[in-house]
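Residue-level structure breakdown
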There are 2 protein chains.
Amino acid sequence: MADAAFDSSDAARAAGGLPHARTLTLPGPFALRLGGSLPEVAVCYETYGTLNASRDNAVYVCHALSGDSHVARHDEHDAPGWWDILVGPGKAVDTDRFFVICANVLGGCRGTTGPASIDPRTGRPYGGDFPRITIADMVAAQARLLDELGVERLHAVLGGSMGGMMALCWAVEHPERVDSAILLATTHCLSSQALSFDIVGRNAIFKDPNYNNGQYYDREHKPDHGLAIARMIGHVTYLSDRTMSRKFDPDREHPRDVAYAYEKEFSVGSYLAYQGGRFVERFDANSYVALSLAMDHFNLGRDHGGLEAAMARVRCPVLLASFSSDWLFPPAHSRRMADALLARGRRVSALEIESDCGHDAFLLENDLPVYGPLIEGFLNRPRSCPDPCSPPPQAEPAANVGLRADEPATTNVRSIFYANRLDLERIEELIPAGASVLDLGCGAGQLLSRLRARGSGALLGLELDPVAITQCVARDLCVVQRDLDRGLGVFRDRQFDVVVLSQTLQAMRRPDLVLREMLRVGATGIVSFPNFAHEAAVRQLLETGSSPVTEALPFPWWSSPSIRFFSIRDFEALCAQLGIRILSRIAIDSATGRQMHDDYNRRADMAICVLSGWD
Amino acid sequence: MADAAFDSSDAARAAGGLPHARTLTLPGPFALRLGGSLPEVAVCYETYGTLNASRDNAVYVCHALSGDSHVARHDEHDAPGWWDILVGPGKAVDTDRFFVICANVLGGCRGTTGPASIDPRTGRPYGGDFPRITIADMVAAQARLLDELGVERLHAVLGGSMGGMMALCWAVEHPERVDSAILLATTHCLSSQALSFDIVGRNAIFKDPNYNNGQYYDREHKPDHGLAIARMIGHVTYLSDRTMSRKFDPDREHPRDVAYAYEKEFSVGSYLAYQGGRFVERFDANSYVALSLAMDHFNLGRDHGGLEAAMARVRCPVLLASFSSDWLFPPAHSRRMADALLARGRRVSALEIESDCGHDAFLLENDLPVYGPLIEGFLNRPRSCPDPCSPPPQAEPAANVGLRADEPATTNVRSIFYANRLDLERIEELIPAGASVLDLGCGAGQLLSRLRARGSGALLGLELDPVAITQCVARDLCVVQRDLDRGLGVFRDRQFDVVVLSQTLQAMRRPDLVLREMLRVGATGIVSFPNFAHEAAVRQLLETGSSPVTEALPFPWWSSPSIRFFSIRDFEALCAQLGIRILSRIAIDSATGRQMHDDYNRRADMAICVLSGWD
C-alpha cells in the first residue's frame, strides 16, 4: 500500500525490527493447496489486548500485500503500526475490549516463512524454489496459529485489499470458526485490469538481470530495479487520479531531490522514485512475486463452483465496505460479493463510501469518520438474531398478509414526522409475524427493528444514506446500499414474503419499474405514498393557482425530493396496467389518523396499499 | 496505442516499409523550443487526395505516440493504415474531397529525424544525445513541411491523444494557418496519474542494462525488455477496465502461447507479452523516451500564461470529442479545454462520447458511428458565420429585449410539437437582432439557426443528446454537451445578452439554481414552461381525481421527463424569492395560439417570460 506521506515509519520499523513480535514454528509437513508442502512454517505474529475467559473476543486482522504483523503500536515507545488509526485502546477495533491478532502472511518477508527463509532440507534460502502458495494457504497457516493460541472461534476477522481476500477466505473455508467478517476494499477475484499491473510488475522483476530465477540471496546485487518498478506501478494503482492531482499538480514540474536514482523530472516522479527506492530496502522481490501471484490467482468462484456457491458456505454476518474512487478493487466487486451473499440469503451489509482516496482509503484517516464507526458498530452490535443465517423460504404465495380491521386510536399530532410514524405503524400491522421482509429505503431501520422485536423471518433493508446504514449495522440489521432506480436484479422471484416501499415511490424516476421489480421479488408488496388528489391539495391549486404545499406534500415545488405526483386513483390505474392486484388499500387522513372509505381519493392524503403481482 | 487485435498489421507494414511515403529534408539549423537546434530535419510524410486549385482543402492528420505517416491505405494493395476507418475515399475524412497530409513526428522512428537518425555532424546516431524536443517543435516541423508543399492554410488539423496535443498546438501557435481544429481524446496537460505511467515506463527503459544512456545502436542488444515493460504499462492505460474484462475474463487463466518471453500465467498476460514483444520490433526506445517526454512536458497553460490566455490565441472553430471510459485523457480535460475556449468567447463544440473502449476508442470502430458523423459534419459544414471568432461583448445591460405587441396569426394544429414550434417562434420574436444568445437545451439548433439567419451575436447551445449535438455541428452551430443541473460556472457574469431555457425548466432537479445561474450569465433570460394550473389540467384533476395529461403536459405521471410541476404563479413567486425581475410575460393558450391577459394563470397552458437578475 502507498504510504500516506513521503516520510513513513518503515525505516524506523525495519531498523528497530518488531520488538513485540513473537514467532511460532508450526511443525510440518504443511500441505499446500496447489500441491507440495513446506517442511515447517514459522509464523511471526503480534497480539493486542487480552483473550477473555470465554475466549470469544478474538479479532484477527489480515494485512495487505506489503503489510506485516505490526498492525498497531503496543505503547507510546513503539514504532507506528500500519493501522494505528483503527486499532488500539478505545479505537474502532478496541484493544481494551478485543484480543487482536495479526501475523505476517505465509510467503511474506517480515518474519513468517517465505522465499527468503532457509529451507531446512537444503540449508539455503528457498528463493525461486519456494512453492506456489495461495490465499487459502495463508489462511490455513493463520488457523494453525489460532490453534496454538487456544482461539477456537473468532469474534471477527477483518482485512482490506489482499487482507480482505483472506478475511473472505476465512468466512468461506472456515465458517465454523468465524462469527463475523469485515471485508474492506477487496474482491473475490481481481479484474483483468488490476491483474495487468501485477503482471507488468512481475515481468519487470523477472527481467531484472539480478533476478536470476529468484536465486539472488548470496549475490551482491538483488533485483532492486525490477522490484522498484513493480512498486511504482503498484503505487499509482493505490491512489486516485484526484488525489494525485491534488498532491502533485501544484508543483508538477518541480521534483524533490530524493536520493534514489530514478527519473526526477516531475513532482510525481520524485515521489515514485522515493517510494520505489524505499520499498526495496524493506521488501523481498521473491515475496512480492509470491504474494502478488497468490492475489492474482485468488478466484473464489472458480474454487467453489461459482461465486454464489462459495458464498453459500458463509455462516456469519458479513460487512462489506468499498470506496468510490478505488479503481483497483472497485465498488462493483463489492456489489458482486454482496449480491452473491444476498442471492443465497446470507446476512450482509454493504456500503460504498464516497471517497477521493482510491484503494488506499481504507488505510487513511480521510474516510475514517465513515468506516470507523461502521466497523465499530458492527463489532459491538448486540446479537439480536437467534439465527444469523436463515435463507428465506423458496417462493411461496403470500399467506395472511392483509388489512386488519381494528384501527388503533391515534393522537392528533400534525406533522409529517407524525404521518411517517403513523405510516410505519400501519405497515407493521399489515405484515404477518414471521414474514421475511425487504424494506426499500429502510432509513435507520425503524420498521425493521420493530419487525425483529416482534419475531420475523429474514430481514433486509436497502438504503442510500451512509449514516442511516451505519445506524442499521450498529443495530445488527442487514442493510445494503442500493439505488432503487437501478432495479432489484439481484433478488430471486418471491425471495421475500413482503417488500415494503414506504413514502419513497414519489421520489423514484421510474415508479412503474420499481413497482414491477418489488412485486417480482416479493410475494406481496406494501406501498405507502401521498395522495396528490387530496381535497386540501386540489383546493389549494384551485384557489391559489399554486402548486400545493400540504402535510403530505410539505416541500416547495422547486426543491422537493418528490418528483412524481399522483393520486390514489393514478396509482390504482398504474397497478391495473402493470397487472398488479391491490389486495387491500388503507386511505388515511393523516391529520386525524382516520381511515377513509368513501370518496377516499378526495378525502385521504396518504394511502397504504398491499399488492401482489402473482396469481 | 493498443492494437485492436492480437494480429495487427504492424509486421506487414514494417516488413513492407512505407512504399507511398516520401521524405523531405528541411535544411537547418532547425531551432528547438527548449534551446539548441538540429542541423537538418528529414520529414517522412504521405499524402492522400489532391490539393485543389484554391489550395483550401488541406487536412493535416497528427498521429499518436506510436503512429506514423501511414494513416490510411493508398490502394487495395497497400498495407492497412492506422486510421483506415476514418480516412479514405468517401469516409468521414474524405480523401476524394480533401488533400490529407500526415507525417511521422519529429523524434519518431518511422522515417522522420529522431534519436536513431545519423547526426550529420558526427556521422553516428544521435542516441542519448538527441536534443530535448517538444510538441511545439513537432508542429514547427509540420509547418515547414506544409511550406514546402505549398499549403499555406489548413482546412482542418485533427488528431487524437498526442496527435490532439499537436492539433491544439497548431490552433494556438499558428492560428493564422488553421481554419478548424478537431481534438480527440486529448488534453492540454497530462494528469499526474497519466504522467506516472509514462515515468515508470521510462524508468524501466533507463534501468535496462542495455540502455547505456541511449547509446545502443552499435550494440548487439537493445533495451528491449525496458521498452516492452513501458509498452505493456501503456497498453493497460489505453484500454478500459470494462473492455479488458470483456476480452480477458472469460478465459482469465488460459493464456495463449505467444512467442515472447514474458509471464504467461493469465490470458491478459499473454496479450501483454505479445504487445510488449511486438512493439520492440518496430519501435525505438530512444524515440519512446523522446516522444513520451514531449507529451509529458506539454503544458499549454504554463507556456502561454494560463490556459485561457492560450485559448484566446485560437482563431478557428474547435471540435472536442472525448470518451467516457478514457481514464488516461479523461473527458474532464476536454471539458476544461472547452471551458477555457468558452470563457474567451471562442467557437467550440464539445461532445463526451459514451464508450466502453477507453482511450483507444478514437482508433476503434466501436464508436465510429458517433465520432465519424461528428467529424464529417464538422469538416463539411457550411461556413455560415462571417466572423468565426467574435468574443461576446463584455457585460452590458439588456437593451431592447422585451415583448412585441403584434401577435402572428396562428394555425389550429393541436400537438405538443406545434406548441414547441409556437414556443420557438415567440422566443425568436423576443430576441433583438444582433444579440448574443446562450440556448440551454438547444436540441438540434432550431432556434439558434433561426437567430443566425436573422443576424446575431455569438451563439452557443448547451445540449445533452449526442445526435442533436452532431446535427448542430453539421449546421456550423457551436454546441457544448452539458448537464444544466451542474450549473453554468464556466461563463462570466452577463457573458450573453440573452439566455434561453425553452420547455426545460420542468425537467430540472433544481429549477431555482438553474434560474439563478442563467440570469447570472445572461443580461436577460427567456424561459418557457407549461402551466400546471391551467384550467384543463385542474379540471381533470378535480373531475377524474387523476394526474392531468394535457397538450402541455402530455406524458403519464410515472415516466414523464417533467419532474417539477408548477404554475405561472408559482414561477412568479420563485422569481420574486430569487430577486429576479420578470420584464415581460406571455401566457399562451397553445390550442389557439392566443395570448391570455386576464386570468392567465387559469387560462394559459404555457408561458414565456423575459427575466432579468440585474438592476
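Residues numbered from 1 in each chain as written. Chains lettered and ligands numbered in written order. Predicted model: local features only at pLDDT ≥ 70, side-chain atom pairs only at ≥ 80, totals over all residues. Heavy atoms only, no water.

- Going by an unreviewed UniProt entry, chain A carries the name Homoserine O-acetyltransferase and comes from Humidesulfovibrio mexicanus.
- The record held by UniProt for chain A lists under Subcellular location (unreviewed entry) the comment "Cytoplasm".
- According to the UniProt record, the Subunit (unreviewed entry) comment for chain A is "Homodimer." (UniProt positions renumbered as here; feature names shortened; annotations may be inferred.)

**A word on the UniProt feature "active site" (unreviewed entry) in chain A**
Residues and elements named next belong to chain A.
- With numbering aligned to this structure, UniProt lists the feature "active site" (unreviewed entry) at Ser-161, Asp-326 and His-359. Taking the farthest pair of C-alpha atoms as the criterion, the annotated set spanning 199 residues converges on one region, since that pair is 10.5 Å apart.
- Within the element layout of this structure, Ser-161 appears in the loop between strand 9 (156–160) and helix 3 (162–173).
- On the accessibility criterion, Ser-161 (2% relative accessible area) is buried. (Helix = DSSP H or I, 4+ residues; strand = E, 2+ residues; numbered from the N terminus. Buried < 20%, exposed > 50% of the residue type's maximum accessible area, 1.4 Å probe, protein only.)

**Thoughts on the pairing of strand 11 (residues 318–323) of chain A**
Residues and elements named next belong to chain A.
- Most of strand 11 sits inside the fold, with 6 of its 6 residues counted as buried.
- Burial along strand 11 is two-sided: the face carrying Val-318, Leu-320 and Ser-322 and the face carrying Leu-319, Ala-321 and Phe-323 are both buried.
- Note: strand 10 (residues 181–184) against strand 11, 4 bridges, orientation parallel. Within the sheet, the bridge partner assigned to Leu-183 lies in strand 11 and is Leu-320.
- Relative to strand 12 (residues 348–353), strand 11 is paired through 6 bridges, and the arrangement is parallel. Bridge assignment links Val-318 to a residue of strand 12, and that residue is Val-348.
- Crossover connection from strand 11 via helix 11 (residues 331–343) to parallel strand 12: handedness right-handed. (Pairing = 2+ DSSP bridges. Right-handed = clockwise from strand over helix to strand, strands pointing away.)

**Section: the state of the cysteines**
- The final tally for this structure, using the stated rule, is 0 disulfides over all chains.
- The closest cysteine sulfur to the non-disulfide-bonded Cys-575 of chain A is located on Cys-609 of chain A, 6.7 Å from its own sulfur.
- Take Cys-102 of chain B: it sits in no disulfide, and the sulfur closest to it among the cysteines is that of Cys-62 of chain B, at 7.6 Å.
- Of the residues examined, Cys-102 of chain B reaches a relative accessible area of 0% and is grouped as buried. (Disulfide = S-S within 2.5 Å.)

**Notes on the relation of the copies chain A and chain B**
- With an RMSD of 0.1 Å, the operation that places chain A on chain B is a rotation of 180° combined with a shift of 0.0 Å along the axis. Here the symmetry operator amounts to a two-fold rotation axis. Every residue of chain A has its C-alpha some distance from the rotation axis, and the shortest such distance is that of Ile-563 of chain A, at 2.3 Å.
- Both copies contact each other with a shared surface, as 100% of the interface residues of chain A are interface residues in chain B too. (Least-squares fit on C-alpha atoms with pLDDT ≥ 70 in both. Contact = heavy atoms within 4.5 Å.)

**Details of the side chain of Thr-237 of chain A**
All names here are of chain A.
- Here Thr-237 shows up in helix 5 (residues 224–238).
- For Thr-237, a relative accessible area of 2% puts it in the buried group.
- Here Thr-237 is in contact with Phe-197, Trp-327, Leu-328 and His-359, once residues within four sequence places are set aside.

**Description of the domain arrangement of chain A**
All names here are of chain A.
- Per the domain assignment, the segments making up chain A are domain 1 (10–378) and domain 2 (416–612).
- Placing a centre on the C-alpha atoms of domain 1 and another on those of domain 2 gives a separation of 43 Å.
- Between domain 1 and domain 2, the residue contacts involve 17 residues of the former and 18 residues of the latter.
- Across the interface of domain 1 and domain 2, roughly 1,400 Å² is buried in total on both sides, 56% from carbon and sulfur atoms. (Domains from an automatic or database assignment. Buried area = accessible area lost by both parts, 1.4 Å probe.)

**Details of the UniProt feature "domain: AB hydrolase-1" (unreviewed entry) in chain A**
- UniProt marks residues 58–364 of chain A with the feature "domain: AB hydrolase-1" (unreviewed entry), using the numbering shown here.
- Measuring from the first to the last C-alpha atom of residues 58–364 of chain A gives 24 Å, for a span that is 38% helix and 13% strand.

**Side note on the pairing of strand 13 (residues 437–440) of chain A**
Residue and element names in this part refer to chain A.
- Neither face of strand 13 is left uncovered, since the one carrying Val-437 and Asp-439 and the one carrying Leu-438 and Leu-440 both have all their residues buried.
- In this sheet, strand 14 (residues 459–463) lies alongside strand 13 in parallel orientation, the contact comprising 4 bridges. Within strand 14, the position partnered with Val-437 by the bridge is Leu-459.
- Considered for its hand, the β-α-β crossover made up of strand 13, helix 14 (residues 446–454) and strand 14 is right-handed.
- In this structure, strand 13 lies alongside strand 16 (residues 496–502), joined through 4 bridges in parallel fashion. Bridge assignment links Val-437 to a residue of strand 16, and that residue is Val-498.

**Overview of the packing of aromatic side chains**
Residue and element names in this part refer to chain A.
- Within this structure, the stated rule accounts for 44 aromatic pairs over all chains.
- Pairing Phe-491 with Phe-496 gives two aromatic rings, centres 5.4 Å apart and planes at 75°, and the pair type is edge-to-face.
- When the ring of Phe-529 is compared with that of Phe-571, the centres are 4.5 Å apart and the planes differ by 35°; the resulting orientation is tilted. Of this pair, Phe-529 sits in strand 17 (residues 522–530) while Phe-571 sits in helix 18 (residues 568–578), placing them 42 residues apart in sequence.
- We classify Phe-571 as buried; its relative accessible area is 0%. (Phe/Tyr/Trp six-rings, centres within 6.5 Å; stacked < 30°, edge-to-face > 60°.)

**Some remarks on the interface of chain A and chain B**
- The partner chain B presents 75 residues to the 75 residues of chain A that form the contact.
- Together chain A and chain B conceal approximately 6,600 Å² of surface at their shared face, both sides included; 60% is due to carbon and sulfur atoms.
- At the boundary of chain A and chain B, one finds 6 salt bridges.
- Residues Arg-202 of chain A and Glu-263 of chain B are paired through a salt bridge, measuring 2.5 Å at the closest nitrogen-oxygen approach.
- At the level of elements, helix 4 (192–206), helix 5, helix 6 (241–248), helix 7 (267–282), helix 8 (285–297), helix 16 (511–521), helix 17 (535–544) and helix 18 of chain A are the ones that each hand at least two residues to the side of chain A that touches chain B.
- It is helix 4 of chain A that provides the largest number of residues to the side of chain A that touches chain B, a total of 11 residues.
- Here the residues of the side of chain A that touches chain B sort into 37 nonpolar, 21 polar and 17 charged. (Salt bridge = Lys/Arg side-chain N within 4 Å of Asp/Glu carboxyl O. Nonpolar A, V, L, I, M, F, W, Y, C, P; charged D, E, K, R; others polar.)

**What about the packing of helix 4 of chain A against helix 5 of chain A?**
Residue and element names in this part refer to chain A.
- Relative orientation of the contacting elements helix 4 and helix 5 amounts to 165°, with a least axis distance of 7 Å. One way to sum up the angle between helix 4 and helix 5 is to call them roughly antiparallel. When the axes of helix 4 and helix 5 are compared, the crossing they make is right-handed. Residues Phe-197, Val-200, Gly-201, Ala-204 and Ile-205 of helix 4 pack against Gly-226, Leu-227, Ile-229, Ala-230, Ile-233 and Thr-237 of helix 5.
- Among the residues making up the contact of helix 4 with helix 5, the classes are represented as 8 nonpolar, 3 polar and no charged. (Axes fitted to C-alpha atoms, helices over the stretch in contact; angles between N-to-C directions. Parallel < 35°, antiparallel > 145°, perpendicular 65-115°, else oblique. Left-handed = near helix turned anticlockwise from the far one by under 90°.)

**Overview of the side chain of Glu-517 of chain A**
All names here are of chain A.
- Mapped onto the elements of the fold, Glu-517 is located in helix 16.
- Within polar-contact distance, the side chain of Glu-517 engages the side chain of Arg-520 at 2.9 Å.
- With residues up to four places along the chain from it excluded, the contact list for Glu-517 reads Gly-487, Leu-488 and Gly-489. (Polar contact = N/O pair within 3.5 Å; in protein donor to acceptor, adjacent residues only side chain to side chain.)

**Quick look at the packing of helix 6 (residues 241–248) of chain B against helix 7 (residues 267–282) of chain B**
Residues and elements named next belong to chain B.
- Running from N to C, helix 6 and helix 7 cross one another at 105°; their axes reach a closest spacing of 9 Å. Between helix 6 and helix 7, the angle falls in the class roughly perpendicular. Only Ser-267, Val-268 and Tyr-271 of helix 7 make contact with helix 6, whose side of the interface consists of Met-244, Lys-247 and Phe-248.

**With respect to the pattern of salt bridges**
- Enumeration over the complete set of coordinates arrives at 54 salt bridges over all chains.
- Where Asp-356 of chain A meets Arg-246 of chain A, a salt bridge forms, and the shortest distance between an N and an O atom there is 2.6 Å. On the criterion of sequence distance, the pair formed by Asp-356 of chain A in the loop between strand 12 and helix 12 (368–380) and Arg-246 of chain A in helix 6 is long-range, its members being 110 residues apart.
- Take Asp-356 of chain A: its relative accessible area is 25%, and that puts it in the partly exposed class.
- One salt bridge in this structure joins Arg-510 of chain B and Asp-512 of chain B, with 2.8 Å as the shortest N-O distance.
- Overall, Arg-510 of chain B belongs to the partly exposed group, its relative accessible area being 32%.
- In this structure, a network of salt bridges that share partners links the residues Arg-252 and Glu-253 of chain A together with Arg-302 and Asp-303 of chain B.

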